[in-house]
Amino acid sequence: MQTSVNTGSMPAKTYVSLGQIKSRGAKLELPEVGGGCGTQGVAGKASCGSSDGPADMPQAIWDKVKNHPCYSEEAHHHFARMHVAVAPACNIQCNYCNRKYDCSNESRPGVVSQKLTPEQAVRKVVAVASEIPQMTVLGIAGPGDALANPKKTFDTFRMLQAQAPDLKLCISTNGLALPDLVDEICSYNVDHVTITINMVNPAVGEKIYPWIFYNHRRIRGLEASQILHERQMLGLEMLTARGVLTKVNSVLIPGINDQHLIEVNREVKKRGAFLHNIMPLISEPEHGTVFGLTGQRGPSAAELKAVQDACMGGANLMRHCRQCRADAVGLLGEDRSEEFSQDKLDNMLVVYDLEKRRAYQDQVALERQAQQTAKQQAQQASAAIKIADDLKVMVAVATKGGGRVNEHFGHVTEFQVFEVSAERALFVGHRRVDHYCQGGYGDDDQLPSVVRAINDCHAVLVAKIGACPRDELSAAGVEPVDRYFGEFIEKAALDWFNDYRARIASGAVIHQSRGDALIRQGAYTSALAA
Ligand code: CLF
Ligand code: SF4
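For clarity, every value in this text was computed on a predicted model and none was experimentally measured. In this convention, every chain numbers its residues from 1, walking through the sequence in written order. Both sets of labels track the order of writing: A upward for chains, 1 upward for ligands. In keeping with the model being predicted, local features are shown solely for residues with a pLDDT of at least 70 and side-chain atom pairs are shown and tallied solely at 80 or more, while totals for entire chains, interfaces and linings include all residues. Side-chain measures here rest on the full set of heavy atoms in the structure, leaving out hydrogens and waters.

**Examining the packing of aromatic side chains**
Each aromatic pair joins two rings of Phe, Tyr and Trp (for Trp, the six-membered one) with centres within 6.5 Å, and gets the label stacked for planes under 30 degrees apart, edge-to-face for over 60, and tilted for any other angle. Per the counting criterion, the structure on display carries seven aromatic pairs. On the numbers, 5.9 Å between centres and 25° between planes, the contact of Tyr 71 with Phe 274 is stacked. Of the two residues, Tyr 71 is situated in the loop between α2 (59-65) and β3 (80-83) and Phe 274 in the loop between α8 (260-270) and β11 (275-280); the sequence distance between them amounts to 203 residues. In this structure, Tyr 71 and Phe 274 share a single accessibility class: buried. Ring geometry for Trp 496 and Tyr 500: centres 4.9 Å apart, planes at 15°, overall stacked. Placement of the pair is Trp 496 and Tyr 500 together in helix α15 (residues 489-506), with a separation of four residues, close to one helical turn. Burial status follows relative accessibility: with a 1.4 Å probe on protein chains alone, a residue under 20% of its type maximum counts as buried, one over 50% as exposed, and anything between as partly exposed. By relative accessible area, which is 0% here, Trp 496 ends up buried. Helix and strand definitions follow DSSP, with helices as H or I runs of at least four residues and strands as E runs of at least two, each counted in order from the N terminus.

**Topic: unusual backbone geometry**
Residue Pro 143 is reached from Gly 142 by a cis peptide bond, and omega for that bond is 15°. Tracing the backbone shows Pro 143 in the loop between β5 (135-140) and α4 (150-163). One non-glycine residue, Asn 215, lies in positive phi territory at about 50°. Following the sequence through the fold, Asn 215 ends up in the loop between β8 (211-214) and β9 (217-220). One non-glycine residue with positive phi stands out, namely His 216, at about 70°. Judged by its relative accessible area of 77%, His 216 falls in the exposed class.

**A few points about a negative patch on the surface**
A patch consists of residues exposed above 30% relative accessible area that lack any salt bridge, with like charges linked at up to 9 Å and nonpolar side chains (Val, Leu, Ile, Met, Phe, Trp, Tyr) linked at up to 5 Å. Accessible areas in this description were obtained via Shrake-Rupley with a 1.4 Å probe; residue shielding takes into account the shown protein chains only. The term salt bridge refers to a side-chain nitrogen of Lys or Arg lying within 4 Å of a carboxyl oxygen of Asp or Glu. Residues counted as positive are Lys and Arg, residues counted as negative are Asp and Glu, and His and the chain ends are not counted. Every charge is mapped onto a representative atom, which is NZ of Lys, CZ of Arg, CG of Asp or CD of Glu. A cluster of like negative charges, contributed by Asp 444, Asp 445, Asp 471 and Glu 472, occupies part of the molecular surface. Structurally, Asp 471 is set in helix α14 (residues 467-475).

**Points about the sheet that holds strand β4 (residues 92-93)**
Either a parallel or an antiparallel arrangement is found when strands of a sheet pair, and the pairing is made through backbone hydrogen bonds. We treat two strands as partners when DSSP finds at least two bridges between them. Taken together, three strands build an open sheet; the order of strands is β4-β8-β9 and the sheet is antiparallel. The outermost strands of the open sheet, each flanked by one partner alone, are β4 and β9. As paired elements, β8 and β9 share four bridges and run antiparallel to each other. Note on β9: the bridge partner recorded for Trp 211 is Arg 220. Residue contacts are defined here by distance: any two heavy atoms, one from each residue, within 4.5 Å place the two residues in contact. Throughout, an axis means a line fitted to C-alpha atoms (over the contacting stretch in the case of helices), and angles, computed between N-to-C directions, take values from 0 to 180 degrees. Of the strands in this sheet, β4, β8 and β9 touch helix α7 (residues 221-241), which is tilted by about 105° from β9.

**Comments concerning the sheet that holds strand β19 (residues 459-461)**
Taken in spatial order, the five strands make up an open sheet running β16-β15-β14-β19-β20, and their pairing is mixed. Two strands lie at the open edges of the sheet, namely β16 (425-432) and β20 (479-481), each paired on one side alone. On average, each strand axis in the sheet is tilted by 25° relative to the strand beside it, whichever way the strands run. Note: strand β14 (residues 392-397) against β19, three bridges, orientation parallel.

**Here's the deal with the environment of Ile 256**
Mapped onto the elements, Ile 256 comes out in the loop between β10 (245-252) and α8. The class of Ile 256 is buried, set by a relative accessible area of 16%. Placed 57 residues apart in sequence, Ile 256 and Met 199 show a C-alpha to C-alpha distance of 9.6 Å. Ignoring sequence-local partners within four residues, the contact set of Ile 256 consists of Val 204, Lys 207, Ile 208, Phe 291 and Gln 296.

**Some thoughts on the pairing of β8**
Sheet topology note: the β4/β8 ladder contains two bridges and is antiparallel. Looking at the pairing, Gln 93 lines up with Trp 211 of β8. Counting the residues in the hairpin turn of β8 and β9 gives two residues, including Asn 215, whose phi is positive at 50°.

**A word on helix α5 (residues 178-187)**
For α5, the set of buried residues is Leu 178, Pro 179, Leu 181, Val 182 and Ile 185. Summarising the axial view, the buried residues of α5 lie within an arc of 145°, below the 170-degree limit, and thus occupy one face. Of the surrounding elements, those touching the buried residues of α5 are α4, β6 (168-173), β7 (192-196) and α7. The positive-phi residue at the C-terminal boundary of α5 is Asn 189, with phi of around 55°. Think of it as the arc spanned by the lines of direction from the helix axis to the C-beta atoms.

**Here's the deal with the confidence of the model for the chain**
Each residue carries a pLDDT score, the predictor's own confidence in it, on a scale running from 0 to 100. Per-residue confidence for the chain averages 83 on the pLDDT scale, and 83% of its residues sit at or above 70. Predicted confidence for residues 1-50 stays below pLDDT 50, and this span has 113 contacts to residues more than four positions away or in other chains. Across residues 516-530 the pLDDT falls below 50, and counting only partners more than four positions away or on other chains, this stretch makes 30 contacts in the model.

**As for the pattern of salt bridges**
The tally for this structure, following the rule as stated, stands at 29 salt bridges. Put simply, Arg 297 and Glu 303 hold a salt bridge, and the shortest N to O gap is 2.8 Å. Looking at Arg 297, the relative accessible area reads 43%, which means it is partly exposed. Using a relative accessible area of 30% as the deciding quantity, one classes Glu 303 as partly exposed. Residue Arg 358 pairs with Glu 355 through a salt bridge whose shortest N-O separation is 3.7 Å. On the criterion of helical spacing, the pair formed by Arg 358 and Glu 355 is a turn pair, its members being three residues apart in helix α12 (residues 354-383). Look at Glu 355 and you get exposed, because its relative accessible area is 55%.

**A few points about the packing of α12 against α15**
It is the contact of α12 with α15, at a shortest axis distance of 8 Å, that shows an interaxial angle of 15°. When the axes of α12 and α15 are compared, the pair comes out roughly parallel. When the axes of α12 and α15 are compared, the crossing they make is left-handed. In this structure, α12 uses Gln 371, Ala 374, Lys 375, Ala 378, Gln 379 and Ser 382 to contact α15, whose residues at the interface are Glu 490, Lys 491, Leu 494, Asn 498 and Arg 501. Of the residues belonging to the contact of α12 with α15, the class tally is three nonpolar, four polar and four charged. Geometric relationships in this document are graded by angle, where less than 35 degrees denotes roughly parallel, more than 145 denotes roughly antiparallel, 65 to 115 denotes roughly perpendicular, and other angles denote oblique. The handedness criterion is simple: a crossing whose near helix is rotated anticlockwise from the far helix by less than a right angle is left-handed, and one whose near helix is rotated clockwise is right-handed. Under the scheme applied here, ten amino acids are nonpolar (Ala, Val, Leu, Ile, Met, Phe, Trp, Tyr, Cys and Pro), four are charged (Asp, Glu, Lys and Arg), and all others, including Gly, are polar.

**Some remarks on the pairing of β6**
A large share of β6 lies buried, amounting to six of its six residues. Neither face of β6 is left uncovered, since the one carrying Lys 168, Cys 170 and Ser 172 and the one carrying Leu 169, Ile 171 and Thr 173 both have all their residues buried. Inspection of the sheet shows β5 paired to β6 by four bridges, in the parallel sense. Counterpart to Ile 140 in the pairing with β6 is Ile 171. Call a crossover right-handed when, viewed with both strands pointing away from you, the route from the first strand across the helix to the second goes clockwise. Regarding the hand of the β-α-β motif, the stretch spanning β5, α4 and β6 is right-handed. For the handedness criterion, the β-α-β arrangement of β6, α5 and β7 is classed as right-handed.

The following block contains the structure:
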């Protein structure tokens, strides 16, 4: 059996054979149609795997993902991850990366990481896990490539296994070195690996990767992308065969791989990818990247959503990625790394209390059960209402975690956005904004950009909101709603939606659809610039 790819205008190529994988000793049990983890086996189910729950997958898989904030959308409301920047070197060059900054595929560029030795990293992880019991995952995601620095990465894992045995270990890589290191990855019980795959056609790759460093030499052009592609596919297949849950990250680069990512989605599904995370290119001239300097733009929110929607039915999609820094600490979307700077760590008394961590997590499990019950009841009630059944609207939510509507409008740095229909409230993205409330007062100059960030939504659910933003939002057609303070998000969104449908039916409201034009006016780009 051979793995071949569509090379567009190039002659068909034959790539690495699975026989070669076998000759390295890996046991191959590839599923017939992707989904080695089994999550794609639910017939007729929409592809929104990252928000799946225990009923959608085998118990063994659920046990691996339930506390991982990236692999479970629901978990990201409750659990935190941290990254340690122990991997400075990289073995390829991406046109969206400038190594003076954090890795672009798992980081927000423009913020320099403090590089750590494995010993420093382990001390930091143990300190963070002692202070933040919801921190369940330790990832190595740069600032270069985790597997281009194997000794530092695996030394960190080895020490952590002894000192913080309950933490899940996670790796992000470009995949070039992956096939040679799968055995070692598995020896540390790593259940979660991310490969950044931006193409399955080397002709597309040539526009993204100027060179790779492989077998002691620098390789450029088409050959570089071809080798990278082969290694990525081989690595993905090997991980799938070992039962490692492998997520694929793709950077959406308009005009280069936007439509091509649909094919990437298909190909990685065939090879058993657990999730596909399509992320927008971040490309500003001041980052000094090739794309930034040549004017390559990133996608709008509408373009990103269009590609994600076109991939529905393929590999399950992750939509809650925050493109974290390589030294991020906290819930996705928050960064508590400053609380754990080296000088603070030096003065911290660290006691790793496993029982305390478990007790906290048991508490969260009860809360999640209550959330699931509330969500199911709200879905059943909503499905029974036969008014405007085909309506779908976007709703923004102000939350500071726990899966509840619990943040004041003025304190929001990130809105979560849900697509709400009679069937469900589906998380579809987030919008970053600057605080509207500064020092206790609303900053009126800031307000227009906050409103613009969510002007494709029909409502915004908040804990509390002042008179001025209430008026501005209403004028923009976004209904400010504070009556669901403290409630679970999905239930609150569906309850509001049903009330909205009732108002449409009674003639109290005339529904106006929000066109993509509103999003294009800057919701996403302004959010990224913030
Ligand atoms: Fe880190 Fe990546 Fe592991 Fe998560 S991040 S190594 S899988 S623990 Fe998560 Fe951050 Fe997105 Fe990455 S939100 S950038 S997908
Ligand atoms: Fe930069 Fe990461 Fe690409 Fe390496 S793999 S060049 S660190 S974005």
